[in-house]
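One-letter residues, chain by chain:
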Amino acid sequence: MAAAMTYLNRWILALAGALLAQFPEQAATTPVDFHPGERIALVGGGTGERMSLYGHFEALLHARFPDRELRVRNFCRPADEVALRQRPNDYAKIDDPLTVFGPETFLCFFGYNESFAGPEGVEKFKSDYGTFLADYAAKYGKEGRARFILVSPVAFENSGDPFLPEGRTENTHLALYSQAVRQVAEGKGLAFVDVFAPTRTAFDAQPGAQYTVAGFLLNEAGDRVLGEALDRGLFGTPSPSKLSPPDFQRLREAVNDKSWVHMQDYRMLNGWYVYGGRRTWDLETFPKEYQKIRNKAVVRARLVWSIANGTVERSAPDDSGTGELFVPKTRFGVPQQSYSEPKVLRYLSGEESLKEMKVADGYEVSLFASEDRFPALAKPMQLSFDNKGRLWVACMPTYPQWKPGDPRPSDRLLILEDLDHDGKADKCTVFYDHLHCPVGFEFWNGGVLVNDQPRLTFLKDSDGDDKADVVVPLLDGWATDDTHHSFGKFQWSPEGRIHALEGVSMSTTVETPWGPFRNANTPGAYVVDPRSMKVRHFITPGYGNPWCNVHNFWGQGIPGDGTTAQQHWNSPLSGSQKGQRKGLNAVFDHEGMRPALGSEFLYSRHLPDEVQGQFVYGCVINMNGIPRFSVGDDGAGYHGKRVKKTVLQDGKSTEVPDNLLESTDRNFRPGVTQIGPDGAIWFLDWHNPLIGHMQYSQRDPNRDKTRGRVYRITAKGRPLLTPVTQFGKSVPELLDQLKEYEPRTRYR
């Protein structure tokens with residue numbers, strides 16, 4: 001009998017060895033253990049990625065093992081699946097951040113995105129999961145082997161919002177995919193943690209959205225539920241941590257700071273210029289920046305460990321030893337850039353720059369605000385007016401991206417007010433200043449939607465002090481491959497959806513309550529319903545970098561390509577997308593006035609009759625000013641031409657462009673024209689001697705970070721309008737405002 005048992009044991013061991021050879025991932029069961037210094041990588045979709053925002057699980061992990069100095073990094077991305085992990089073009093050209101980290105153990109968060117394939121997709125999901133495990137073990141594991149811990153998807157919460165899924169079908173499918181993850185783990189002898197059941201129990205305890213945004217995006221409370229469920233599922237016991245609540249909060253804040261720094265590594269903004277096809281002048285720049293970011297993450301990990309084990313000596317991380325950066329030489333003044341630069345690097349003040357401007361006959365231009373009085377007005381890129389008639393401006397001095405060694409980004413939304421009605425701002429309020437390259441914002445639901453790259457974020461002031469005290473990260477995964485072509489330039493459409501523009505060579509991967517949405521290398525407009533979180537996309541004509549979008553008097557959209565300045569009627573092209581479709585002719589010949597920024601139709605009773613319906617945009621290279629065009633019906637579409645006037649030249653009558661405004665100050669970079677509540681034409685001045693991404697290093701020392709102006713054009717001798725505002729008005733009063741002549745009043 002003993003001999004038979006010995007033979008049986010040998011046979012079992014041989015079989016186990018054969019299975020391990022076929023599936024080289026290391027076997028593991030719960031409760032699990034981690035050795036000192038173990039490198040743990042989180043991979044998967046948006047559930048795991050969102051844990052970087054709140055940090056409950058990682059804080060619990062370090063509190064449970066305070067002396068083991070576990071090295072934890074989150075590599076999850078929205079819309080990732082076991083068989084589909086879309087990345088920006090050339091993502092690993094410098095190096096692969098996951099390879100550099102060298103993980104020993106993977107915590108895998110898959111199943112949510114795959115669950116939208118329904119019951120029919122379960123078997124494929126299990127097969128794909130097996131392939132994923134084998135591939136990752138071979139690619140990233142030490143000697144071709146790695147440990148995997150498989151985590152189920154979380155439940156879907158019924159928010160009670162009729163615009164969102166109820167969650168019944170979603171949870172039926174998520175339960176199937178949770179069971180599928182369990183089966184994959186059991187079949188390979190891997191650890192499995194069920195977080196579907198505990199999150200569903202918590203979500204069903206009371207009605208409404210308590211733990212999520214829109215049913216599927218965990219909020220801070222939801223992240224706590226997930227963190228505790230994952231901690232208990234991995235280790236079998238409640239957290240043994242002896243940290244006080246304030247110390248645990250401090251630990252969580254340190255974890256979140258490390259996670260943010262790490263995200264600038266594996267999800268670095270501006271990838272087209274960092275590692276992609278437009279890496280023209282930064283071959284030496286970003287390898288050093290990657291190294292510094294990774295060193296900063298290590299410093300923050302040490303702070304996390306010291307807080308966890310009670311030996312902390314510093315209240316903030318010490319980055320003094322994280323390395324030096326490469327400072328490139330400026331390309332200002334090289335002959336190839338003379339077409340876009342001033343001849344001399346000097347700056348005029350806002351008032352001085354006024355003297356370099358020439359406006360069309362019958363108009364005058366005035367300075368409303370500048371950095372001289374309001375330093376926060378640095379690098380303005382979008383403006384709009386709220387329901388009180390106040391000017392809001394998005395500013396991004398961090399552009400083109402955050403630099404390691406600088407403080408965290410402080411890009412911002414400002415409220416500028418003219419309290420004494422003298423035509424100049426005398427109050428500037430910083431509504432929120434923790435944004436990263438906010439290239440688009442729009443008012444919604446009592447607050448503001450803003451692109452905080454790579455997320456769409458909702459901000460709201462709940463106590464009336466004009467400061468955002470409600471900050472809700474919404475849809476994540478908008479492309480950041482090129483920060484000035486990112487999901488932005490927001491514009492409400494007549495049907496009540498946000499149209500947001502995105503340029504070419506971008507990779508967007510967004511999770512929604514209706515399933516994952518992906519787009520790659522096709523420029524155009526996203527159509528986003530912020531209530532239902534449904535997303536679709538249509539391709540806009542032109543080269544591929546749309547920077548303009550406005551609707552005419554009849555609600556017909558005219559998006560414009562920034563690079564070529566071509567403007568097209570988009571209504572015939574904005575429906576269901578078909579391959580090999582034909583385009584449309586441009587609405588007008590822009591006569592080389594490019595690039596085009598921030599277009600507007602001039603409809604205002606303050607302005608003369610002859611300009612009603614004219615089309616304008618900011619032009620920042622081939623002229624520094626605002627050209628204008630007449631646009632009218634042309635059969636079933638539209639056609640226009642540049643507005644011109646007749647002048648005498650050498651004794652002959654000659655037609656020349658009749659621009660609304662032009663300047664001899666080459667630093668003057670106007671953009672985002674808009675009719676204000678007073679009926680005047682408002683516009684921004686980015687004010688920078690350098691224009692362009694690939695034409696200069698991203699770190700060119702002459703990229704200005706401090707200047708920005710807001711101007712206003714008025715018609716001489718014509719009274720301004722009394723602003724028609726919406727704040728505090730009754731529904732009948734608001735409905736009556738739809739009779740106003742100005743589309744912008746009806747828009748607001």
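The preceding data block contains the structure.
Visitor: Explain helix α7 (residues 196-204) to me, please; I cannot follow it from the model alone.
Guide: For an α-helix, the turn length of 3.6 residues means that residues three or four places apart are oriented alike. Among the residues of α7, F196, T199, A202 and F203 are the ones counted as buried. All buried residues of α7 lie within an arc of 135° about the axis, which places them on one face of the element. With respect to the buried face of α7, the exposed residues turned more than 90 degrees away are T201 and D204.

Visitor: Please explain the packing of aromatic side chains as it appears in this structure.
Guide: Both the distance between ring centres and the angle between the ring planes are used here to describe each pair of aromatic rings. Summed over all chains, the structure comprises 47 aromatic pairs. Between the aromatic rings of Y617 and F629, the centroid separation amounts to 5.7 Å while the plane-to-plane angle is 20°, which identifies the pairing as stacked. Here Y617 is found in strand β27 (residues 614-619), whereas its partner F629 is found in strand β29 (residues 628-634), with 12 residues between them in sequence. Of the two residues, Y617 and F629, both sit in the buried class. Linked through ring pairs, F106, F110, F125, Y129, F132, Y136, Y140, F148 and Y177 together constitute an aromatic cluster. Over the ring of W272 we find R278, and its NZ or CZ is 4.1 Å from the ring centre. The ring centre of W686 lies 5.3 Å from the NZ or CZ of K379, which sits over that ring.

Visitor: Would you explain the sheet that holds strand β13 (residues 427-435) in this entry?
Guide: Within a sheet, neighbouring strands are paired by backbone hydrogen bonds and run either parallel or antiparallel to one another. The four strands lie next to each other as β10-β11-β12-β13, forming an open sheet whose pairing is antiparallel. Across the chains shown, the open sheet's two edge strands, defined by having one partner strand only, are β10 (380-385) and β13. Neighbour to neighbour, the strand axes of the sheet diverge by 20° on average, direction disregarded.

Visitor: Quick question: what am I supposed to make of the pairing of strand β20 (residues 507-512) here?
Guide: In regular strands, side chains alternate between the two faces of the sheet. Most of β20 is tucked away: six of the six residues are buried. Neither face of β20 is open: one carries S507, T509 and E511, the other T508, V510 and T512, and all of them are buried. In the sheet, β20 pairs with strand β21 (residues 515-520) via six bridges, with the strands oriented antiparallel. Within β21, the position partnered with T509 by the bridge is R518. Where β20 hands over to β21, the hairpin turn is made up of two residues, counted between the paired strands.

Rules behind the numbers
Residues numbered from 1 in each chain as written. Predicted model: local features only at pLDDT ≥ 70, side-chain atom pairs only at ≥ 80, totals over all residues. Heavy atoms only, no water. Buried < 20%, exposed > 50% of the residue type's maximum accessible area, 1.4 Å probe, protein only. Helix = DSSP H or I, 4+ residues; strand = E, 2+ residues; numbered from the N terminus. Arc of directions from axis to C-beta. Phe/Tyr/Trp six-rings, centres within 6.5 Å; stacked < 30°, edge-to-face > 60°. Lys NZ or Arg CZ within 6 Å of the ring centre and 35° of its normal. Pairing = 2+ DSSP bridges. Axes fitted to C-alpha atoms, helices over the stretch in contact; angles between N-to-C directions.

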